[in-house]
Amino acid sequence: MVRVRFAPSPTGGLHIGGVRTALYNYLFARKNNGQFILRIEDTDQNRYVEGAEDYIMKALEWLGISADESPQRQGHFGPYRQSERLNIYKEYVQQLLDNGLAYYAFDTPEELEEMRRELQEAKASNQQYSAANRMQMRNSLTMPSEDVEKLIAAGSPYVVRIKLPSDEIIEVNDLIRGKVSVQTNTMDDKVLMKSDGFPTYHLANIVDDHLMKITHVIRGEEWLPSAPLHVFLYRSFGWQAPQFAHLPLLLKPEGNGKLSKRDADRLGFPIFPLSWTDPKSNEVSEGFKEKGYLPETMVNFLALLGWNPGNEQEIFSLDELTKIFNLDRISKAGAKFDIQKANWLNEHYLRSMPTSKLAESFMALAKQEGYSCSMEKASSIVPLIIERCTFIQDLWNNGWYFFVVPNEYDDKTVRKKWTAEAVNVLKLFSSLIVKLNTPKSEAIKETLEKAATELDTGLGRVMPALRVALTGQGGGPDLMGIVEVLGVEETKKRIELAIDRLKV
Ligand code: GLU
């Protein structure tokens, strides 16, 4: 039975990279008829950010990534918030202490600082608290046990550290990267339990992965350096380690270096799935959702950021992905965050939406702007403009002139195309269309042709003038469609107004 987890720390807004990790775990679980667990790793009291957990839930919900077990959905392995599992960690730390695999350390911050300074001066190859220097420090390996007991009884602050062996090679078998070996002499005796009685990430993470029967740890590449320690901890407990798969980094669009919020800001795209307000600075960052990206787009886009289907297909629904996703096709190389691709996908999904749904969105946007629009009118506008939209909001940017008489006219078009010849045709045209029985685009086109022919001119010399009179713009969607939606009376009115306003 496959069991995987997404284990975010609620230390701020969930980055898009974290969302990808969640997605890959979810897809892998679904593909293998396994379980996807959401575990909140909130043991770092100093970095805890109010609202971050709720944000994670909302972001996953938006994308349709549902957990089988989570703080909101209890399974048999809860609680699913690490701060509610403190007693469990205490018990396991004790086990390591009892077996001589971990030790108490009483060193003060000043003593640790001194240690670092000395190691630096000595140009030691390993400048951390480790097997090489721990026998010179104040810990339960160097102090008589009565002293240790006394200090603990007196409430002196202490941490518990792992006791790493020297001169050993630890191997991690990563499903994506292959075998990774690390020499223990380069590692440090990491803290497992902090002085506040909270476990560190390393301890809590592996205790929970074990107790929650996690079979595959799928997480970002930034955790690869921690994997040897994790493997060692599993071994110390006598547990079988899960399989590891470290996902490639998300790179800047240019491809050089890790994608950061600063890059995203600089290039004008979001880094958070939903809008996020930093509680400290109150800075609001617009999310992909608010920017107008559809959940389908994000799922499709993120799925392809580091994974490929092995063929040319580019459009995938969440459901389809749950049938074909596998770890074999995840690349080692970092994935460039190509926002143009996301835009292209969004256009695709926008155009695939039913007209009625788009029309409803259009109506809502019109209402926001203070205009009322019927379903019928919205349904006739949407097909005209949808090809020009990347985001839902673009519907209004491309359709406002159906409600508002333009106040400005595109300069270049006016200069080049607003001619006496065109104006004469437009006059004739507006007097003819008001007589049409069925002012549909076919009939409108015939009328325009008729007017042009009568005055001995071509359509090409008239159309730009008609467009600029009706919309103020030099380009846009099908002109006959615009006339049809505006209606003949409004068309006539706008032509007259433009003639009034624009010189020839
Ligand atoms: N809590 C870690 C994080 O914030 C989890 C890393 C892991 O998946 O092991 O990313």
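In this report, we go over the structure that sits alongside the text. (Residues numbered from 1 in each chain as written. Predicted model: local features only at pLDDT ≥ 70, side-chain atom pairs only at ≥ 80, totals over all residues. Heavy atoms only, no water.)

This brings us to a positive patch on the surface. A cluster of like positive charges, contributed by Lys412, Arg415, Lys416 and Lys417, occupies part of the molecular surface. Residue position: Lys417 is located in helix H16 (residues 411–417). Since its relative accessible area comes to 35%, Lys417 is described here as partly exposed. (Patch = residues over 30% accessible without salt bridge, like charges linked within 9 Å, V, L, I, M, F, W, Y side chains within 5 Å. Areas by Shrake-Rupley, 256 points an atom, 1.4 Å probe, with all protein chains shown as cover. Salt bridge = Lys/Arg side-chain N within 4 Å of Asp/Glu carboxyl O. Lys, Arg positive; Asp, Glu negative; His and termini not counted. Charge placed at Lys NZ, Arg CZ, Asp CG, Glu CD. Helix = DSSP H or I, 4+ residues; strand = E, 2+ residues; numbered from the N terminus. Buried < 20%, exposed > 50% of the residue type's maximum accessible area, 1.4 Å probe, protein only.)

Our focus in this paragraph is the site of the ligand. If you check the shell around the ligand, you find Arg5, Ala7, Ser9, Glu41, Tyr201, Asn205, Arg219 and Trp223 and nothing else. Ala7 has a polar backbone atom sitting 2.8 Å from a nitrogen atom of the ligand. For the ligand, whose free accessible area comes to 290 Å², the fraction covered by protein is 85%. The residue makeup of the shell around the ligand, split by class, is three nonpolar, two polar and three charged. (Near = heavy atom within 4 Å. Polar contact = N/O pair within 3.5 Å; in protein donor to acceptor, adjacent residues only side chain to side chain. Nonpolar A, V, L, I, M, F, W, Y, C, P; charged D, E, K, R; others polar.)

The next point concerns the packing of aromatic side chains. Under the definition given, this model contains 25 aromatic pairs. Plain terms: the ring middles of Tyr92 and Trp239 are 5.4 Å apart, the flat faces sit at 70° to each other, and that makes the pair edge-to-face. One end of the pair, Tyr92, is in helix H3 (residues 86–98); the other, Trp239, is in the loop between helix H7 (227–237) and strand E9 (243–247), and 147 residues separate them in sequence. Take Tyr92: its relative accessible area is 13%, and that puts it in the buried class. Aromatic rings pair up to connect Phe269, Phe288, Tyr293, Phe301, Phe337 and Phe391 into one cluster. Taking the ring centre of Tyr129 as reference, the NZ or CZ of Arg161 above it sits at 3.8 Å. The ring of Phe403 is capped by Lys377, whose NZ or CZ atom sits 4.4 Å from the centre of that ring. (Phe/Tyr/Trp six-rings, centres within 6.5 Å; stacked < 30°, edge-to-face > 60°. Lys NZ or Arg CZ within 6 Å of the ring centre and 35° of its normal.)

On to the layout of surface pockets. Each pocket or cavity is described by its volume, and for the second largest pocket that value is around 260 Å³. Every residue lining the second largest pocket is counted, 16 residues in all, and those nearest its centre are Leu294, Pro295, Glu296, Met353 and Ile392. With three residues, the single largest contributor to the lining of the second largest pocket is helix H13 (residues 355–368). Residue composition of the lining of the second largest pocket, by class: nine nonpolar, four polar and three charged. (1 Å grid on protein atoms, 1.4 Å probe; cavity = no way out; pocket = protein on both sides within 12 Å on 5 of 7 lines; lining within 4 Å. Points joined across faces, edges and corners; volume = space filled by probe spheres on them.)

For any two helices packed against each other, the geometry comes down to the angle between their axes and how far apart the axes lie. For the pair H13 and helix H14 (residues 375–385), the least separation of the axes is 8 Å and the interaxial angle reads 105°. With respect to each other, H13 and H14 are oriented roughly perpendicular. Packed against H13, whose contacting residues are Thr355, Ser356, Leu358, Ala359, Glu360, Phe362 and Met363, the element H14 presents Met375, Ala378, Ser379, Ile381, Val382, Pro383 and Ile385 at the interface. (Axes fitted to C-alpha atoms, helices over the stretch in contact; angles between N-to-C directions. Parallel < 35°, antiparallel > 145°, perpendicular 65-115°, else oblique. Contact = heavy atoms within 4.5 Å.)

A regular strand places its side chains on the two faces of the sheet in alternate fashion. Residues Val159 and Arg161 line one face of strand E4 (residues 159–162) and the alternating positions Val160 and Ile162 line the opposite face, and both faces are buried. In terms of strand pairing, strand E3 (residues 102–105) meets E4 through four bridges, oriented antiparallel. Considered in E4, the bridge of Ala102 is made with Ile162. In terms of strand pairing, E4 meets strand E7 (residues 191–193) through two bridges, oriented antiparallel. Bridged to Val160 within E7 is Met193. (Pairing = 2+ DSSP bridges.)

Here the focus is the nonpolar core. By size, the foremost hydrophobic cluster in this structure holds 113 residues, and its most contacted members are Phe337, Phe362, Leu395 and Trp418. Per-element accounting of this core gives the leading share, nine residues, to helix H1 (residues 16–31). If near-sequence neighbours (up to four positions away) are discounted, Trp418 is found in contact with Thr413, Val423, Leu426, Ala465, Val468, Ala469, Ala498, Ile499, Leu502, Lys503 and Val504. The next biggest cluster of nonpolar side chains, apart from the first, holds 39 residues, and it includes Ile37, Val148, Leu203 and Leu233. (Core = buried A, V, L, I, M, F, W, Y, C linked by side-chain atoms within 4.5 Å.)

The next subject is the pattern of salt bridges. Tallying each qualifying case throughout the model produces 32 salt bridges. Between Glu41 and Arg39 there is a salt bridge whose closest N-O contact spans 2.8 Å. Exposure remark for Arg39: the relative accessible area of 0% places this residue in the buried category. Between Asp208 and Arg39 there is a salt bridge whose closest N-O contact spans 3.8 Å. Separated by 169 residues along the polypeptide, Asp208 in helix H6 (residues 201–211) and Arg39 in the loop between strand E2 (35–38) and helix H2 (52–63) bring together distant segments of the chain. When sorted by exposure, Asp208 lands in the same class as Arg39, which is buried. Among the ionic contacts, a cluster of salt bridges with common partners joins Arg5, Arg39, Glu41, Arg85, Asp208 and Asp209.

The strand order across the open sheet built from three strands is E3-E4-E7, with neighbouring strands paired in antiparallel fashion. The open sheet has two free edges, formed respectively by E3 and E7, since each of these has just one partner strand. When the angles between neighbouring strand axes are averaged without regard to direction, this sheet yields 45°. Each of E3, E4 and E7 touches H3; the most contacted strand, E3, lies at about 105° to it.

Turning to helix H18 (residues 441–454), a few remarks are in order. Helical geometry: 3.6 residues make up each α-helical turn, so side chains three or four residues apart lie on a common side. Across its 14 residues, H18 extends 20 Å between first and last C-alpha, which sits within 8% of the 20 Å expected from 1.5 Å per residue. Where H18 is buried, its residues meet helix H17 (420–433), helix H19 (463–471) and helix H20 (479–486). Where H18 terminates, the next one or two residues include Asp456, which has phi positive at roughly 65°. (Expected span 1.5 Å × (residues − 1).)

Bringing helix H21 (residues 488–501) into the picture now. Taking 1.5 Å per residue as the helical rise, H21 with its 14 residues ought to reach 20 Å, and the 20 Å between its terminal C-alpha atoms agrees with that figure. Along H21, the residues that are buried comprise Val488, Glu490, Thr491, Arg494, Ile495 and Ala498. Looking straight down H21, one finds that the buried residues subtend no more than 160° of arc, so they occupy a single side. Of the exposed residues in H21, the ones pointing more than 90 degrees away from its buried face are Glu489 and Asp500. Lining the buried residues of H21 we find H17, H19 and H20. (Arc of directions from axis to C-beta.)

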